[in-house]
Amino acid sequence: MPPATHAAATCAAATRTAATRAAAALGLVLAAGLPAAAGAESSPTPRRATSQIAHTSFDAGHELRTGARIDTLVSGGAVRLKHPTRTRTHEGKSYEVGIWTSAWVTEAFGFTELIPSWQASTPGRSWIELKVRLRSATGAVGSWDTMARWASGSRAIKRTTLGSQDDDLAAVAVDTLRAQEPDGAVGWQLKVQLMRPRGGTEEPSLQRIGAMASRVAPVGATSAPGPQVGTVLDVPAYSQMTHSGHYPGLGGGGEAWCSPTSLAMVLGFHGANPPAAAAYGGGAHPDAAVDYTASRVYDHGYDGTGNWAFNTAYAGTLVSRSYVTRLPDLRAAEPYLAAGTPLIVSVAFGVKQLTGAPISSTSGHLMVLVGFTATGDVVVNDPAASSNAGVRRTYSRAEFERVWQAGSGGLTYVVEK
């Protein structure tokens, strides 16, 4: 969805799910890729809806070797260039290219959305391009749609997504591929091109690639607190609002920076913000890690810092594992917090729907889930507060779960140290 469709909100850059919310009441989902204690089969609470999600990730050498490779090899647990002979021209420059293509992944349900995420290294002027295509239940195969042109830095290219790219089976909405057929799609495939300047020696690599397929349903009853409530993590508190007016070319801080602010908090908790983050801008602004993070996640095509996959891809250059997923409810989030992993979650709410929030409403906003009270209410770092002192908040479990599930279907960044 292009930025022009975004409503004015505390975090305008995170509102691209509005069209999905209009098409269907987003709600509880069955989540894969969780810690063992939170897996679908081991959850002590019955599922309250028929929604489904599957998260598939290729993140070990033997998994990456299942993909088809052209001028690439799998070495040291990553896909790397191998004497590339192919070239392509991009914006007038010639690049050597290696290609990795996943096997088809077939889901057991008709999914309506697919959100890819990845971890890669792009030294120097190297970069990667990610494409996705879908397969319908009738066996029809859609076209390859470009989801991202990405580099961890800014020397090679302007990090970007490319717009709608509607075809007969799918349409791209920034970081999300939406199935066009009413019954959804049943299969998906990823293609990654690793590129470096022709004649160069840079060694781009792909450490992990995957995607989350989902079909979501209306929100059900509030989940009951589990045995792992009572944990609250000491995540540093940063306000996005104290950055208002910073770096207009990166969205201007303030209302637009909920995602990089949340990510900077989580990386700070893990001790992963790099030294360059603290020195960004020559010390002109407090909490410079927020500004630095914004510079590393900004999507020039989307014109914002709220691209979900760009946020986890940047985090993935600093931590062991990061990805985008959905969680079915707060009960499923509890094991992450108990294991020391704060979660970044996407919410949307209207007036009087989230008591105690620093803003009255938002069509899309990201914050950090840092723990639970002993009775199961939610403790968060909400970057919409006007100052760092007001970032730590406690919200009603019922209200928070509803605005998270109804707002984004439980969309979550998982960033593991």
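Counting restarts for each chain, with residues numbered from 1 along the sequence as it is written. Since the coordinates come from a predicted model, pLDDT governs what is reported: local features require at least 70, and pairs of side-chain atoms require 80 or more to be given and counted, while whole-chain, interface and lining totals use all residues. Hydrogens are left out, water is left out, and the side-chain values use all remaining heavy atoms of the structure.

## Quick notes on helix α5 (residues 288-297)
We count it as follows: Partly exposed residues are those whose accessible area sits between 20% and 50% of the maximum for their type, while under 20% is buried and over 50% is exposed, using a 1.4 Å probe and protein chains only. Comment: elements are numbered from the N terminus, with helices defined as DSSP H or I runs of at least four residues and strands as E runs of at least two.
Extensive coverage of α5 is indicated by the burial of nine of its 10 residues. When α5 is considered as a whole, its buried residues turn out to be Ala288, Ala289, Val290, Asp291, Tyr292, Thr293, Ala294, Ser295 and Val297.

## Points about the packing of helix α7 (residues 330-338) against helix α8 (residues 397-408)
Here is the rule we go by: Each axis is a line fitted through C-alpha atoms, taken for helices only over the stretch in contact, and angles between the N-to-C directions span 0 to 180 degrees. Orientation labels follow simple angle bins: below 35 degrees gives roughly parallel, above 145 gives roughly antiparallel, 65 to 115 gives roughly perpendicular, and whatever is left gives oblique. In what follows, residue pairs with any heavy atoms lying within 4.5 Å of each other are defined as contacts.
Relative to each other, α7 and α8 sit at 100°, their axes nearing to 11 Å. The angle between α7 and α8 falls in the class roughly perpendicular. Between α7 and α8, the contacting residues are Leu330, Arg331 and Glu334 on the first element and Arg397, Phe400, Glu401 and Trp404 on the second.

## Concerning the environment of Pro218
Secondary-structure assignment places Pro218 in the loop between β14 (205-215) and α3 (258-269). Residues Pro218 and Gly409 lie 191 residues apart in sequence; the distance between their C-alpha atoms is 8.9 Å.

## Concerning the sheet that holds strand β18 (residues 378-381)
Under the convention used in this document: Following DSSP output, two strands are said to pair if at least two bridges run between them.
One open sheet holds the six strands; their spatial order is β15-β20-β16-β17-β18-β19, and the pairing between them is antiparallel. With partners counted over all chains shown, the strands left at the sheet margins are β15 (321-326) and β19 (392-395), one partner each. When strand polarity is set aside, the average angle formed by the axes of neighbouring strands in this sheet is 35°. Strand direction decides the pairing type here: β18 and β19, joined by four bridges, are antiparallel. The residue bridging Val378 from the neighbouring strand is Tyr395, located in β19. This element, helix α6 (residues 308-315), spans β15, β17 (362-372) and β20 (411-416) of the sheet and lies at about 155° to β15.

## Focus: the confidence of the model for the chain
Counted only if it meets this: Scored between 0 and 100, pLDDT is the confidence that the predictor attaches to each residue.
Summing up the model confidence of the chain, the mean pLDDT is 88 and the portion of residues at 70 or higher is 88%. Across residues 12-48, confidence stays below pLDDT 50; counting only partners more than four residues off in sequence or on other chains, it has 119 contacts.

## Description of the packing of aromatic side chains
Put simply, the rule reads: Working definition: rings of Phe, Tyr and Trp (its six-membered ring) pair if their centres are within 6.5 Å, and the pair is stacked with planes under 30 degrees apart, edge-to-face with planes over 60 apart, and tilted otherwise. The criterion is that NZ of a Lys, or CZ of an Arg, lies within 6 Å of the ring centre and within 35 degrees of the ring normal, and then a charge sits over that ring.
Across all of its chains, the model carries eight aromatic pairs by this definition. On the numbers, 5.3 Å between centres and 40° between planes, the contact of Tyr247 with Tyr280 is tilted. With Tyr247 in the loop between β14 and α3 and Tyr280 in the loop between α4 (275-278) and α5, this residue pair connects regions lying 33 residues apart in the sequence. Assessed through its relative accessible area of 25%, Tyr247 is described here as partly exposed. Tyr280 sits in the partly exposed class, given a relative accessible area of 21%. Aromatic ring contacts, followed pair by pair, group Tyr247, Tyr280, Tyr292 and Tyr314 into a single cluster. The lysine or arginine in question, Arg135, covers the ring of Trp104, its NZ or CZ lying 4.6 Å from the ring centre.

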